[in-house]
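Take a look at the letters that make up each chain.
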Amino acid sequence: MVVFKVVTQNTKPFDGQKPGTSGLRKKVTVFQQEHYLHNFVQATFNALPSDKVKGSTIVVSGDGRYWSKDAVQIIIKIAAANGVKKVWVGQDGLLSTPAVSCIIRDRVGPDGEKAYGAFILTASHNPGGPHEDFGIKYNAENGGPALEGLTDKIYSNTKTISAYLTTEGLPDVDISSIGTTTFEGPDGAFEVDVFSATEDNVKLMKTIFDFEAIKELLANPKFSFCYDALHGVAGVYAKQIFVEELGAKESSLLNCTPLEDFGGGHPDPNLTYAKELVHTMGLGKVPPANEPPEFGAAADGDADRNMILGKRFFVTPSDSVAIIAANAVGSIPYFSTGLKGVARSMPTSAALDVVANKLELKFFEVPTGWKFFGNLMDAGLCSVCGEESFGTGSDHIREKDGIWAVLAWLSILAYRNKDVGDGKLVTVEDIVTQHWGIYGRHYYTRYDYENVDADAAKKLMAYLVELQSTLPEVNKLIKETRPDVEEVVEADEFEYKDPVDHSVSSHQGIRFLFKDGSRLVFRLSGTGSVGATIRLYIEQYEADSSKTGKASQDALAPLVAIALKLSKMEEFTGRSEPTVIT
Ligand code: G1P
Ligand code: ZN
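Quick summary incoming for the structure in this document. In this text the structure is predicted, and so the values were computed from the model without any measurement.

### What about the coordination of the zinc ion (ligand 2)?
Phase 1 of the analysis: Bound to the zinc ion (ligand 2) on the protein side are Ser124 (OG), Asp300 (OD), Asp302 (OD) and Asp304 (OD), at distances that span 2.0 to 2.1 Å.
Phase 2 of the analysis: Here the zinc ion (ligand 2) is ringed by four donor atoms whose angles at the metal span 88 to 163 degrees, and the overall shape comes out irregular.
Phase 3 of the analysis: Each donor residue of the zinc ion (ligand 2) belongs to the same chain, and together they define the spacing S-x175-D-x1-D-x1-D. Here Ser124, found in the loop between β5 (115–121) and β6 (133–139), pairs with Asp302, found in the loop between β12 (295–299) and β13 (306–310); they are 178 residues apart in sequence, far enough to count as distant.
Phase 4 of the analysis: What makes Ser124 buried here is its relative accessible area of 3%.

Put into structure tokens, the structure is as follows:
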């Protein structure tokens, strides 16, 4: 057996190793600097209680982006040196973010061991490749992203770190084949266990959904299906779940082979970046050669995001979570006893609020970032939640789950079509328009101004903080721009007090709330790797069911004009157009 030693390597702190909304994301070239990743991993171990780390099992894997395989080997060595007893790795270093969450919560090893935490190697929807982004985030014992208390500690450790522990004599481990490799360290055996990326996840999905019902839907000749993994890790799960388990045709999968550079694309499932799917579904500028499928969906690099499409029809993520919540009981066995509550991030549209109100469900509005949902779920307060940024999920794990969202929609479609026989299929569009008829419609869009000068972005936000405190000034500017729009009745800088641990998160974005339920929200992104990204969220509520069929741009035009005027967007940033509109 290979015997290794633990050695101490001196190092110096690097600036800026502050985990953002979802971990530390930087260019690959930054991560490739000597000691850079090592420092961050050691800083994480130093932030955890050492008695918990010693003898523990941890998970290391990710979305397979460029440099992941090197990073897995580096982390295995630092983990071994810090007294970790077992490292669990998905085959080829691949595990989706939701699968990691599931593994932490559900997987039991041969010695009865459970994972204490995980290093997930992903920059989510950011592009990959030698000149693109790499990322790492730590997930804790409940399967969710580390909370602020821990990430603050990690960051503070990175500022003072002077040494890290690593090994001498521990070779790189073969992570391409399933099986356990055992080494001998100073504290006894150290194991690396490589297993199938999909097994735990598939098991869990089968306990949540009625696979037979979905199978029947997929076999219905009137129904057709298309899934685009954008060359992210979702492809591994799509093949196993949609094709192997549910009988979808292999040809219904697009870009389902994971690639280190995501095929040169931007692995973000939205109307801008999921080009091939958007074209196939009949939503591109040029009509497709074939009749579009009835249902289409896409995922991001690490498979926690999803986009849901019908034939020539886009479902906004804010509507998607509201519709899943409204239809969960009946369609999805996991929810047969009802929902404990629902939650959305602050910038997500209020479509979910209306459902919660009508169905008398507990409701929570939390800051951006999935970690805030975890506390609610751990306390049994929330079953279904979502974000406008194409994230939807439930309390089956503590991350958003791209494949889960697709299975939820397929379940709703299967349920609505169970007695369809020779009749007309109930489509995605039917389900959404019926929903608007009952609950009203939240026209919604998000403008992103990416890679803006960081100072300019800060100034714009500071200006808005000032402006929101004087409503008469806000309403004067509105009247000057669009006299036809109702007035703002409330504005604030969003602050959240966690109802479970009572921690307070401040400066979470600026909100302008209009009399008719419409909203404007401004916030700075916490996930970018260069400059600053300003996000502007625009939402127009229409309760009158005879007016829910307008084109989204038309319905939102007045609020867009107001948002640009209130924020002096062009004056501060020099940008006359956003980089991306979703
Ligand atoms: C973005 C999204 C947010 C999501 C996060 C991680 O964060 O807006 O909803 O939770 O990515 O996927 P942001 O860049 O806005 O901080
Ligand atoms: Zn992601």
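### Describing the pairing of strand β25 (residues 532–542)
Phase 1 of the analysis: Burial of β25 is extensive: eleven of the eleven residues sit out of reach of the surface.
Phase 2 of the analysis: Burial along β25 is two-sided: Ala532, Ile534, Leu536, Ile538, Gln540 and Glu542 facing one way and Thr533, Arg535, Tyr537, Glu539 and Tyr541 facing the other are all buried.
Phase 3 of the analysis: Pairing of strand β19 (residues 441–452) with β25 involves ten bridges; the strand directions are antiparallel. When the bridges of β25 are listed, Thr445 appears paired with Ile538.

### Focus on the sheet that holds β25
Phase 1 of the analysis: Ordered in space as β20-β23-β24-β25-β19-β26, the six strands form an open sheet in which the pairing is antiparallel. On the outer flanks of this sheet lie β20 (488–493) and β26 (580–581), each paired with one strand and no other.

### Quick notes on the sheet that holds strand β16 (residues 363–366)
Phase 1 of the analysis: Strand order in the open sheet formed by four strands is β16-β15-β17-β18, with mixed pairing between adjacent strands. Sheet topology places β16 and β18 (391–394) at the edges, where each strand pairs with a single neighbour. Here the strands of the sheet are splayed against their neighbours by 15 degrees on average, with no regard to which way each runs.
Phase 2 of the analysis: Where strand β15 (residues 342–345) meets β16, four bridges bridge the pair, whose relative direction is parallel. Opposite Val342, over in β16, you have Phe363 as the bridge partner.

### Focus: the site of ligand 1
Phase 1 of the analysis: Around ligand 1, the structure places 14 residues, and the nearest of them are Ser389, Arg523, Gly526, Thr527 and Arg535.
Phase 2 of the analysis: The contact in question runs from an oxygen atom of ligand 1 to an N or O atom on the side chain of Arg305, over 3.0 Å.
Phase 3 of the analysis: At 2.6 Å, a side-chain N or O of Arg535 approaches an oxygen atom of ligand 1.
Phase 4 of the analysis: In the complex, 98% of the free accessible area of ligand 1, which totals 380 Å², lies under the protein chains.

Criteria and thresholds
- Residues numbered from 1 in each chain as written.
- Chains lettered and ligands numbered in written order.
- Predicted model: local features only at pLDDT ≥ 70, side-chain atom pairs only at ≥ 80, totals over all residues.
- Heavy atoms only, no water.
- Donors = N, O, S within 2.8 Å, 3.2 Å for Na, K, Ca; no water.
- Tetrahedral: all angles 85-135°; square planar, octahedral: opposite > 155°, others 65-115°.
- Helix = DSSP H or I, 4+ residues; strand = E, 2+ residues; numbered from the N terminus.
- Buried < 20%, exposed > 50% of the residue type's maximum accessible area, 1.4 Å probe, protein only.
- Pairing = 2+ DSSP bridges.
- Axes fitted to C-alpha atoms, helices over the stretch in contact; angles between N-to-C directions.
- Near = heavy atom within 4 Å.
- Polar contact = N/O pair within 3.5 Å; in protein donor to acceptor, adjacent residues only side chain to side chain.
- Areas by Shrake-Rupley, 256 points an atom, 1.4 Å probe, with all protein chains shown as cover.

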